[in-house]
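In case you want the letters, here they are:
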Amino acid sequence: MLRPFCFWSSFAPVIQSIGRRSISVIQSVGRVGYFVADMARGTRDIGIWARLLAGQMRRIGVDSLPVALFIAAFTGVVLALQASYTFTGAVPLYFVGTLVGKTMMLELGPVLTGLALAGRVGASMAAELGTMKVTEQVDALETLAYDPQSYLVVPRVLAGTLMFPVIVAFAIATGIITGWLTSLALLNLSTPDFIKGLKLFYQLKDIWFGLLKSASFGFTITLVGCVVGLSTRGGAEGVGRSTTRTVVYSAILILVLDAFWAVVLL
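Now for a quick tour of the structure. (Residues numbered from 1 in each chain as written. Predicted model: local features only at pLDDT ≥ 70, side-chain atom pairs only at ≥ 80, totals over all residues. Heavy atoms only, no water.)

## Structural notes on the layout of surface pockets
- By volume, the largest pocket is sized at about 920 Å³.
- Considering the residues around the largest pocket, the lining is formed by 27 residues, among which Ser28, Arg31, Val32, Val227 and Val228 are closest to the centre.
- In terms of residues, the lining of the largest pocket owes the most to one element, helix 1 (residues 2-42), which gives nine residues.
- Residues belonging to the lining of the largest pocket are distributed by class as follows: 16 nonpolar, five polar and six charged. (1 Å grid on protein atoms, 1.4 Å probe; cavity = no way out; pocket = protein on both sides within 12 Å on 5 of 7 lines; lining within 4 Å. Points joined across faces, edges and corners; volume = space filled by probe spheres on them. Helix = DSSP H or I, 4+ residues; strand = E, 2+ residues; numbered from the N terminus. Nonpolar A, V, L, I, M, F, W, Y, C, P; charged D, E, K, R; others polar.)

## Side note on the pattern of salt bridges
- Within the structure shown, the criterion is met by eight salt bridges.
- Here Arg41 ties to Asp38 by a salt bridge, and the two come within 2.1 Å at their closest N and O atoms. Taken together, the positions of Arg41 and Asp38, both in helix 1 and three residues apart, correspond to about one turn of that helix.
- Residue Lys213 pairs with Glu107 through a salt bridge whose shortest N-O separation is 3.5 Å. Of the two residues, Lys213 is situated in helix 8 (residues 204-230) and Glu107 in helix 4 (residues 95-134); the sequence distance between them amounts to 106 residues.
- Among the ionic contacts, a cluster of salt bridges with common partners joins Arg59, Glu128 and Arg156. (Salt bridge = Lys/Arg side-chain N within 4 Å of Asp/Glu carboxyl O.)

## Concerning a nonpolar patch on the surface
- Together, Tyr202, Leu204, Ile207, Trp208 and Leu212 make up an exposed nonpolar region whose accessible area comes to about 470 Å².
- Note that Leu212 resides in helix 8. (Patch = residues over 30% accessible without salt bridge, like charges linked within 9 Å, V, L, I, M, F, W, Y side chains within 5 Å. Areas by Shrake-Rupley, 256 points an atom, 1.4 Å probe, with all protein chains shown as cover.)

## A short note on the nonpolar core
- Counting 33 residues, the largest nonpolar core has Phe35, Leu129, Leu152, Val153, Cys226 and Leu230 as the members making the most contacts within it.
- Top contributing element to this core by residue count: helix 4, with eight residues.
- Apart from the residues within four sequence positions on either side, Leu129 is in contact with Leu152, Arg156, Gly225, Cys226, Gly229 and Leu230.
- Formed by 16 residues, the second largest nonpolar core is a distinct cluster that contains Ala72, Ala80, Val96 and Ile176. (Core = buried A, V, L, I, M, F, W, Y, C linked by side-chain atoms within 4.5 Å. Buried < 20%, exposed > 50% of the residue type's maximum accessible area, 1.4 Å probe, protein only. Contact = heavy atoms within 4.5 Å.)

Without other data, these values stay purely geometric and don't point to any function.
Structure representation (structure tokens):
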């Protein structure tokens, strides 16, 4: 008669821990929902966020281009070399252009750029807003009758949503160009053959699919940075934790969204 009691008592802490974590996750989802609703209401204050939008677009978009283009350039080189290694003796070598173009447009261009900018944009945003929160600058804005949502959140989220497709478009073009140059220099593949492979299975959907994904990535990264940054507690240590959580959450959500869009749109 004692064995069942011992069995269940040994698993009780595990069940309680799962229950507490489940409740915490549900509460977090609810807080994010309220945050998004407040942000939507903040868009009505056009006079506040409109004058801040251009600066945020420059910070998020223009300042992030070097990182995105650097990653895309070497991604194109690696794709061309690996495609040549895989296709040699199996299929015509002009399929290198097909692989480079399709992969950059559909997958690696948006996803690698999103993951890189999750570290640059998301972490920077969380650290900035987290510092403002712990030093009570956000409370000072409210005292001055400024809505933190329209002043801090709306311009950042809109800038991220608008500029990420632009960054990804440049990254895709850079990856394809470096793949083409690698094919010319190292694979003895002519330009007409590379373009032939590039055009072989091209569809207009390839472009807007990658840009749509990148817009959702930009919205997600900036939203996570704002949510986590404005919920920072505990001084400098709390800012560090918020920065780390932002990068981790953004990376996970990017991969989830990538799978979601593939299922829905492909």
